[in-house]
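Okay, here's what each chain looks like letter by letter:
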Amino acid sequence: MDARPVAPSFLVPDAPLAALTRSYLTALLDGDRRQASTLVLDAVATGTPVKDIYLHVFQRAQYEVGRLWQVHDISVAQEHYCTAATQLIMSQLYPHIFSVARHEGTFVATCVAGDLHEIGVRMVADFFEIDGWNTYYLGANTPDADVVAALIERKADFLGISATISGHLRAVSTLIKAVRANDACRDVRILVGGYPFAAKPDLWREMGADGTAVDAQAAIALAGELLQSRPPS
Amino acid sequence: MIAPDRQGVALLCDAAGTVRRVIRDDLGLPGLFVEGRALAEAIAPAAAGAHEAFLKVVVDRGAAFDREVPVRAAGRELTLYFSGVAEGEHLYVVAARSSAGLARLHEEMLLINNEQTNALRAALKELGLRQQLDSNRDSRLYDDLSRLNNELATLQREMAKKNIELEQLNALKNELLGMAAHDLRSPLGVIQNYSDFLEADAGPLLNDEQRAFISTIKRTSRFMLGLVDDLLDVTTIEAGRLTLDRQPSDLGQLLADNVTLSRTLAARKDIAIELATATGLPPVALDPRRIEQVLNNLVGNAIKFSPAGRKVVVSAVSEGDAVIISIADQGPGLPASDLPNLFKPFARATARGTAGEKSTGLGLAIVRKIVEAHGGRIWVETELGRGATFFVSLPVTAT
């Protein structure tokens, strides 16, 4: 188990949408996902941007759930429930996300085999989609060869790889090598993310990736920069 | 085989009296002492109180010896002699068939004290380990559930994206079709008008063959115009722009008018049209122009697919809160293979117009859209060789 410093609560009172986030999390911890869903859908219906819901409600709530589990305030069952419920509620927002016009590049996201924590990188993919990228999310069980095939078929500009624990790093390395080895997708820029990369700031470089970002917003900014600096093909 | 007076049972129970481990059981009474079951269940009902008292003493005072308590085994009652010792949160209970047997059990326990103590210790340890294993298994179950949930979420994302892309494609298709149809109308109009002029002005100067050419040009361009109109109709309806101008209408009159007009067409093929509308039909909220379109299509089809000398019957009856119109022909009928796609655009049908009439393939699709926009239903009853009857049900009041 990687040692992680225990953070103070992520539910900061003066953060945007703090009240909604608190009510949302309370509903989930009470096992009431319908109430959690209603809270979010009502907020979106009355004009709260979906992006803000992702950034402030979902992201913050997930971090807090992780923290509560780490300090043994909630059980593993509750932790799994909160994640599953949030995934379901995210899916209810898909009609709002996918109807946006595309004007950026193509982004393929995945996490490595055995990783349970898909919600984080899926949120990143959704974030890109909201920002006008064409995104494809491949589940944790996607074989490397299929990831490469998807990059080629979709003419991807970026691949995002997520790893939660250092035990997953070897799989990240193998995947990066597989992508670089294929001529047809050699120019794809690879972004990596997850705790191991946040803990060791230069790890992305050692692994042969093109960059790393700590969260969705940073990832989009980085992708934008890299897209600009792309040499003419 | 252990001698009966040496047979005994040694159990590890929890403080509630549930058997956690059967350490030894050579009593030869299968099913009596079972892990996970309360010890009390083995006890003869009448002695329940005595058994409770025994457990209480063990728990409160730490030990109880030589208590006579009958057990119920295979429908028979059997007296056993119990001793119990409390060890932490667990109770160690032994029983034998006689006091003497129990005493010998105690002796044995003292003699092989270490072994039993070790067995006791081992039993406790295994219990603790089992609880840990259970919790690990639960954890694995949660993980497996999470994996399933993740896969479902990923599939759902893909589906949601594809769905919206399909909707966009559909809207685009309608737009393109609409544009194409509009652009085709004017040139077609020109062809029609000029062939009319040609026929009127130059007709007398042409020979039969040339006149036939003009007639073909007119007929073909008329057909194309019909197709373009149908395409426009379909795209309008698909794009959700079909607006109905509903008024309470006399359906009987509408049918009568339509039949009168259709008789001209029918007469050319020597086909009779019979009108059989029920009296006292309620006024139906409908868009007369669009329902006329429906009738034109259905009656037109009946005429088109009927051989000469046959009859088409148009009728209407009231049923509940709807009126049901039926158009029955004595044509060839429809094979079952045509039915699933009958109301879909450009469906390939087997039937051919008996006078060589062409089909655009859109008529029934449009008819269905109009009927359903009225909150109604359309269906067909048919048998190969026995004709076809098309039914349209329209609700009396607008839904």
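So, here is what we can say about the structure in this document. Just so we're clear, the structure is a prediction, and the values are computed from it rather than from any experiment. (Residues numbered from 1 in each chain as written. Chains lettered and ligands numbered in written order. Predicted model: local features only at pLDDT ≥ 70, side-chain atom pairs only at ≥ 80, totals over all residues. Heavy atoms only, no water.)

**Looking at the overall build of chain A**
Helices and strands together make up the secondary structure of chain A, namely eleven helices and five strands. Here chain A holds 233 residues, and 50% of them are scored as buried. Of the roughly 10800 Å² that chain A leaves accessible, carbon and sulfur atoms contribute 55%. (Helix = DSSP H or I, 4+ residues; strand = E, 2+ residues; numbered from the N terminus. Buried < 20%, exposed > 50% of the residue type's maximum accessible area, 1.4 Å probe, protein only. Areas by Shrake-Rupley, 256 points an atom, 1.4 Å probe, with all protein chains shown as cover.)

**Remarks on the pattern of salt bridges**
All names here are of chain B. Taken as a whole and judged by the stated rule, the model has 23 salt bridges over all chains. Salt-bridge contacts for Lys162 lead to Glu158; the nearest nitrogen and oxygen are separated by 3.2 Å. With Lys162 and Glu158 both in helix α3 (residues 113-202) and four residues apart, the pair spans about one turn of that helix. Residue classification places Lys162 among the partly exposed positions, given a relative accessible area of 45%. (Salt bridge = Lys/Arg side-chain N within 4 Å of Asp/Glu carboxyl O.)

**Here's the deal with the interface of chain A and chain B**
Taken together, the contacts link 24 residues of chain A with 16 residues of chain B. Taking both sides of the interface into account, the surface hidden between chain A and chain B amounts to around 1800 Å²; carbon and sulfur atoms contribute 51%. Among the residues chain A hides against chain B, the three largest losses belong to His80, Phe98 and Leu116 of chain A. Together they make up 30% of the total. Among the ionic pairs, Asp126 of chain A bridges to Arg157 of chain B, the shortest N-O distance being 2.6 Å. The greatest single-element share of the side of chain A that touches chain B, amounting to six residues, is contributed by helix α4 (residues 76-92) of chain A. When the residues that make up the side of chain A that touches chain B are grouped by side-chain class, the tally is ten nonpolar, nine polar and five charged. (Contact = heavy atoms within 4.5 Å. Buried area = accessible area lost by both parts, 1.4 Å probe. Nonpolar A, V, L, I, M, F, W, Y, C, P; charged D, E, K, R; others polar.)

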